[in-house]
Amino acid sequence: NTICDDWVVCTNSSAHKGGRIWLIWNPKIVSVHVEDSNAQCIHVKVKDNYRNFEFWLTMVYGFNKAAERLDFWSTLNQNRFDQVYVHIIHIIIHC
């Protein structure tokens, strides 16, 4: 079973039952290096294979209760956001 032929899938299923976050990419177009993955976010460095452009991307699916998000904020502060790259944080709001 494949989503798209030759595409790569990264989830946070090792940190959270069922893997709440999925990242799927075509390795012919971009290279992705996973820097960190936990129950509430996946932090990656993405490089465009055709242009000299790279950026950080963080996909977030935070827990509902503020107390449960404390580990997430700690992890977010530890990541290297002082880099000269564009940083995009994608937040999924689950209603």
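The structure under discussion appears in the preceding block.
Residues numbered from 1 in each chain as written. Predicted model: local features only at pLDDT ≥ 70, side-chain atom pairs only at ≥ 80, totals over all residues. Heavy atoms only, no water.

1. Some remarks on the overall build of the chain
Consideration 1: Secondary structure assignment for the chain yields one helix and six strands.
Consideration 2: Sorting the 95 residues of the chain into buried and exposed places 32% on the buried side.
Consideration 3: Put simply, the chain shows about 6700 Å² of open surface, and 54% of that area lies on carbon and sulfur atoms. (Helix = DSSP H or I, 4+ residues; strand = E, 2+ residues; numbered from the N terminus. Buried < 20%, exposed > 50% of the residue type's maximum accessible area, 1.4 Å probe, protein only. Areas by Shrake-Rupley, 256 points an atom, 1.4 Å probe, with all protein chains shown as cover.)

2. Quick notes on the packing of aromatic side chains
Consideration 1: With the rule as written, the count across this model stands at one aromatic pair.
Consideration 2: Arranged with centres 5.7 Å apart and planes meeting at 40°, the rings of phenylalanine 53 and phenylalanine 55 form a pair that is tilted.
Consideration 3: On the accessibility criterion, phenylalanine 55 (18% relative accessible area) is buried. (Phe/Tyr/Trp six-rings, centres within 6.5 Å; stacked < 30°, edge-to-face > 60°.)

3. Here we look at the pattern of salt bridges
Consideration 1: Applying the stated criterion across every chain yields a total of two salt bridges.
Consideration 2: One salt bridge connects lysine 45 with glutamate 54, and the closest N-O pair in it is separated by 3.8 Å. (Salt bridge = Lys/Arg side-chain N within 4 Å of Asp/Glu carboxyl O.)

4. Description of a nonpolar patch on the surface
Consideration 1: A cluster of nonpolar side chains, Trp7, Val9, Trp22 and Ile24, forms an exposed patch at the surface whose accessible area comes to about 390 Å².
Consideration 2: Here valine 9 is to be found in strand E1 (residues 8-11).
Consideration 3: Overall, the relative accessible area of 41% leaves valine 9 in the partly exposed class. (Patch = residues over 30% accessible without salt bridge, like charges linked within 9 Å, V, L, I, M, F, W, Y side chains within 5 Å.)

5. Quick look at the nonpolar core
Consideration 1: Within the largest apolar cluster, 13 residues are counted, with the highest numbers of intra-cluster contacts made by Leu23, Val32, Val44, Val46, Leu57 and Met59.
Consideration 2: Elements represented by at least two residues in this core include exactly strand E2 (22-25), strand E3 (30-37), strand E4 (41-48) and strand E5 (53-60).
Consideration 3: For leucine 23, the residues in contact, after removing those within four places along its chain, are Val8, Val9, Cys10, Val32, Val44, Leu57 and Met59. (Core = buried A, V, L, I, M, F, W, Y, C linked by side-chain atoms within 4.5 Å. Contact = heavy atoms within 4.5 Å.)

6. Some details on the pairing of E2
Consideration 1: A one-sided burial pattern is seen for E2, the buried positions being Leu23 and Trp25 and the unburied ones Trp22 and Ile24.
Consideration 2: Relative to E2, E1 runs antiparallel, the two sharing four bridges. Bridge pairing links cysteine 10 to leucine 23 in E2. (Pairing = 2+ DSSP bridges.)

7. Examining the environment of valine 8
Consideration 1: For valine 8, the location among the structural elements is in strand E1.
Consideration 2: A relative accessible area of 30% means that valine 8 is categorised as partly exposed.
Consideration 3: Valine 8 sits 15 residues away from leucine 23 along the chain, and the two C-alpha atoms are 8.2 Å apart.

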